[in-house]
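Residues per chain are reported as follows:
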Amino acid sequence: MNIFDRFICEFDAGLRTLFAPAYAERPLPVDVAQHAVLPEPETTTSESTMKPMPDMLAREESIRLMRVNHAGEVSAQALYQGQALVAKTLETRAVLEHAAREERDHLAWCESRLNELGGTTSRLNPLFYAGSFALGVASGVLGDKWSMGFLVETERQVEAHLSDHLGRLPEDDHKSRRILETMREDEIHHGQTGMEHGAATLPRPIQSVMKVVSKLMTRSAYWV
Ligand SMILES: [Fe+2]
Ligand SMILES: [Fe+2]
């Protein structure tokens, strides 16, 4: 497949990521029978005061955090598709495509959980996709060791971010919690795979810029 054909495939993948329901190859990492689900909003609102009750606030927090995670997975799709598009070797492309497939599961799990909670995905997703795809291509054209370095640093930051969210999710939201735990295991594995494939360590200033960009992204997706 030449670069033009691959670009068409990536464009198609981008449209599907942004506008079609995501499908996971692996089942949701939750056992519905064993875990409690947050109560529905209508059962938690006091009709006399119409003020949100604590359960409703907890659900709202879960929705916001899962929207951020969904946006992160949209970005991960774009990043790895961009990197795979310009990868120099078939081996690097295979690593990226394998990671992208697992990220697609994450995307579908977050989307499904958001739907269950009655939340919506971020309206900024097309912007995140475009920016991440451009970043993926830019890091990929520098060479495979930088592409892998970028993957390792991204996964390291995502792992830290997921640990932070696990600390912030409402205690009773076992389903979201289980999803994030499984995602974190996968992200750690993606990072290790990147190291095994010759990742270069990114310069500190680049790592810092990545942190700032991801903070801007997570803060905006929390609200919008
Ligand atoms: Fe992921
Ligand atoms: Fe990952």
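Residues numbered from 1 in each chain as written. Chains lettered and ligands numbered in written order. Predicted model: local features only at pLDDT ≥ 70, side-chain atom pairs only at ≥ 80, totals over all residues.

Quick look at the overall build of the chain
A tally of regular secondary structure across the chain gives 7 helices and 0 strands. Secondary structure elements of the chain occur, N-terminal to C-terminal, as α-α-α-α-α-α-α. In the chain, the share of contacts with a sequence separation of at least 24, taken over all contacts with a separation of at least 6, comes to 83%. (Helix = DSSP H or I, 4+ residues; strand = E, 2+ residues; numbered from the N terminus. Contact = placed C-beta atoms within 7 Å.)

Looking at the confidence of the model for the chain
Residues with a pLDDT of 70 or more make up 87% of the chain, whose mean pLDDT is 86. Note on residues 40-46: pLDDT is under 50 here. Beyond four places in sequence and across chains, it has 13 contacts. (pLDDT = per-residue confidence, 0-100.)

Observations regarding the nonpolar core
Counting residues in each nonpolar core, the largest one holds 35 residues, and the members touching the most others are Met-66, Ala-71, Val-74, Tyr-80, Ala-84, Leu-96 and Cys-110. Broken down by secondary-structure element, the contributors of at least two residues to this core are helix 2 (54-86), helix 3 (90-117), helix 4 (125-141), helix 5 (144-168), helix 6 (174-196) and helix 7 (204-223). Among the elements that make up this core, the one with the highest residue count is helix 2 (13 residues). Phe-150, Leu-151, Val-152 and Ala-199 belong to the second-largest nonpolar core, a separate cluster that totals 5 residues. (Core = buried A, V, L, I, M, F, W, Y, C linked by C-beta atoms within 7 Å. Buried ≥ 20, exposed ≤ 12 C-beta atoms within 10 Å, placed from the backbone.)

Focus on the packing of helix 3 against helix 6
Look at helix 3 against helix 6: their axes get within 11 Å of each other, and the N-to-C directions meet at 170°. Classified by the angle their axes make, helix 3 and helix 6 are roughly antiparallel. Seen from helix 3, the contacting residues are Val-95, Ala-99, Glu-102, His-106, Trp-109, Cys-110 and Arg-113; seen from helix 6, they are Lys-175, Ser-176, Ile-179, Met-183, Asp-186, His-190 and Thr-193. Residue composition of the contact of helix 3 with helix 6, grouped by class: 6 nonpolar, 4 polar and 4 charged. (Axes fitted to C-alpha atoms, helices over the stretch in contact; angles between N-to-C directions. Parallel < 35°, antiparallel > 145°, perpendicular 65-115°, else oblique. Nonpolar A, V, L, I, M, F, W, Y, C, P; charged D, E, K, R; others polar.)

Re the packing of helix 5 against helix 6
Following both chains from N to C, one finds helix 5 and helix 6 inclined at 160°, their axes separated by 8 Å at the closest point. With respect to each other, helix 5 and helix 6 are oriented roughly antiparallel. The handedness of the crossing between helix 5 and helix 6 is left-handed. Residues Met-148, Leu-151, Val-152, Glu-155, Arg-156, Val-158, Glu-159, Leu-162, Ser-163, His-165 and Leu-166 of helix 5 lie in contact with helix 6, whose contacting residues are Arg-177, Leu-180, Glu-181, Met-183, Arg-184, Glu-187, Ile-188, His-190, Gly-191, Gly-194 and Met-195. For the contact of helix 5 with helix 6, a count of residues per class yields 10 nonpolar, 5 polar and 7 charged. (Left-handed = near helix turned anticlockwise from the far one by under 90°.)

Here we look at the environment of Tyr-80
You can see Tyr-80 is positioned in helix 2. When the C-alpha atoms of Tyr-80 and Arg-93 are compared, they prove to be 9.1 Å apart, with 13 residues separating the residues in sequence.

Description of the environment of Ser-132
Relative to the helices and strands, Ser-132 resides in helix 4. According to the C-beta neighbour criterion, Ser-132 is buried, with 25 such atoms within 10 Å.

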